[in-house]
Amino acid sequence: MTVDDHDVAEDLATRAGEVLLALRAEKGFADGPALKKAGDLGSHEFLMAELAALRPADAVLSEEGKDDHARLEAERVWIVDPLDGTREYSEEGRADWAVHVALYAKGALAAGAVALPAQGRTLSTVPGSPLLTEMSARFAAPPADLLEKRAPIRIVVSRTRPPQVVAQLREHLHAEGYATELVPMGSAGAKIAAVLLGDADVYVHAGGQYEWDNAAPAAVALAAGAHASRIDGGELRYNAEDPYLPDILVCHPALADLILAGVR
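Residues numbered from 1 in each chain as written. Predicted model: local features only at pLDDT ≥ 70, side-chain atom pairs only at ≥ 80, totals over all residues. Heavy atoms only, no water.

A. Inspection of the sheet that holds strand E6 (residues 153-158) at higher detail. The strand order across the open sheet formed by five strands is E7-E6-E8-E10-E9, and the pairing between neighbours is mixed. Looking along the sheet, the strands with just one partner apiece sit at the ends: strand E7 (180-185) and strand E9 (227-229). Averaged over all neighbouring strand pairs, the angle between strand axes comes to 20°, with direction disregarded. Alignment of E9 against strand E10 (residues 248-251), held across three bridges, turns out to be antiparallel. For His227, the partnering residue across the bridge sits in E10 and is Cys251. Sheet strands touched by helix H9 (residues 256-263): E6, strand E8 (202-205), E9 and E10. Its angle to E10, the strand with the most contacts, is close to 150°. (Pairing = 2+ DSSP bridges. Helix = DSSP H or I, 4+ residues; strand = E, 2+ residues; numbered from the N terminus. Axes fitted to C-alpha atoms, helices over the stretch in contact; angles between N-to-C directions. Contact = heavy atoms within 4.5 Å.)

B. Representation of H9 within the structure. Counting buried positions over the eight residues of H9 gives six, a clear majority of the element. When we look at burial in H9, the residues that qualify are Ala256, Leu258, Ile259, Leu260, Gly262 and Val263. Residues of H9 that are buried sit in contact with E6, helix H6 (164-175), E8, E9 and E10. (Buried < 20%, exposed > 50% of the residue type's maximum accessible area, 1.4 Å probe, protein only.)

C. Spatial organisation of the pattern of salt bridges. Counted according to the given criterion, the structure contains 16 salt bridges. The salt bridge involving Glu88 is made with Arg159; its shortest N-O contact spans 2.9 Å. Of the two residues, Glu88 sits in helix H3 (residues 86-89) while Arg159 sits in the loop between E6 and H6, which places them 71 residues apart along the sequence. Note on Arg159: relative accessible area 27%, which makes it partly exposed. When the shortest N-O distance is used, the salt bridge between Asp247 and Arg230 registers 2.8 Å. A residue pair is termed long-range when its members are at least 10 positions apart, and Asp247 in the loop between E9 and E10 and Arg230 in the loop between E9 and E10 qualify at 17 residues. The exposure class assigned to Arg230 is partly exposed, which follows from its relative accessible area of 23%. When salt bridges with common partners are traced through the structure, they connect Asp5, Arg55, Asp58 and Arg76 into a single cluster. (Salt bridge = Lys/Arg side-chain N within 4 Å of Asp/Glu carboxyl O.)

D. The arrangement of the layout of surface pockets in detail. By volume, the largest pocket amounts to about 600 Å³. The wall of the largest pocket is formed by 31 residues, among which Arg161, Gly186, Ser187, Ala188 and Lys191 lie closest to the centre. The residue makeup of the lining of the largest pocket, split by class, is 10 nonpolar, 10 polar and 11 charged. The space that makes up the second largest pocket amounts to roughly 210 Å³. Around the second largest pocket, the lining comprises 15 residues; the ones closest to its centre are Pro143, Leu146, Arg154, Asp201 and His252. The set of elements that each furnish at least two residues to the lining of the second largest pocket consists of helix H4 (130-140) and helix H5 (144-147). Across the lining of the second largest pocket, the residue classes tally to nine nonpolar, two polar and four charged. (1 Å grid on protein atoms, 1.4 Å probe; cavity = no way out; pocket = protein on both sides within 12 Å on 5 of 7 lines; lining within 4 Å. Points joined across faces, edges and corners; volume = space filled by probe spheres on them. Nonpolar A, V, L, I, M, F, W, Y, C, P; charged D, E, K, R; others polar.)

Following this line, the structure appears as structure tokens:
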């Protein structure tokens with residue numbers, strides 16, 4: 001029986017997360033660089049072996065692998081980040097790191113999953129799954145407290161270097177009468193997951209990313225009905241010759257025009 005692509009993405013991201021948790025438990029946190037290296041390699045090797053077994057005809061673009069440009073002619077390309085947030089992974093007690101597994105097929109994101117192993121959950125595009133249903137309901141309802149300015153707009157940002165675009169956005173929002181609150185967090189996957197789960201309202205990044213940094217989170221966001229785009233409002237496109245994809249915006253659709261105006 002052929003396993004559905006949505007299920008493959010969810011299963012592989014979840015199981016790669018289990019590999020990472022086991023490595024964390026085995027090696028401890030005394031040598032951060034060694035733990036980062038072991039995590040990147042261990043998760044990458046697991047994902048490559050599983051994709052080779054389950055989807056041998058598909059191409060793969062992984063942060064930790066050599067980029068084979070044969071993928072440019074492939075109809076199906078798995079875009080993976082074996083460990084998103086290596087810094088947070090190597091710090092005891094931190095849960096804001098992730099595993100990304102996405103499928104780009106025939107010019108569109110076709111499936112995706114973001115595992116948050118230390119949080120014990122995986123966000124995915126599996127149709128009808130409880131978490132996707134919950135997220136979809138959130139984005140189908142108008143965020144009345146935000147739109148009516150009864151609550152601050154929570155913007156999730158880097159723990160160490162909030163980008164300049166966020167300062168610009170906050171200035172615009174304040175001028176429009178909105179209060180804002182910054183929510184510091186680690187990996188891109190964890191940040192976008194925070195928006196999807198209702199722990200933040202906006203993720204905007206313009207400081208440089210690659211396809212593997214946001215393909216899986218964008219796939220889940222779009223499946224849930226969230227707004228996900230470039231910061232000029234353009235479509236997110238993947239499997240480019242140069243995988244550099246410098247910016248992204250994820251938020252509630254009802255906030256998109258307001259946020260896009262603030263970052264233009």
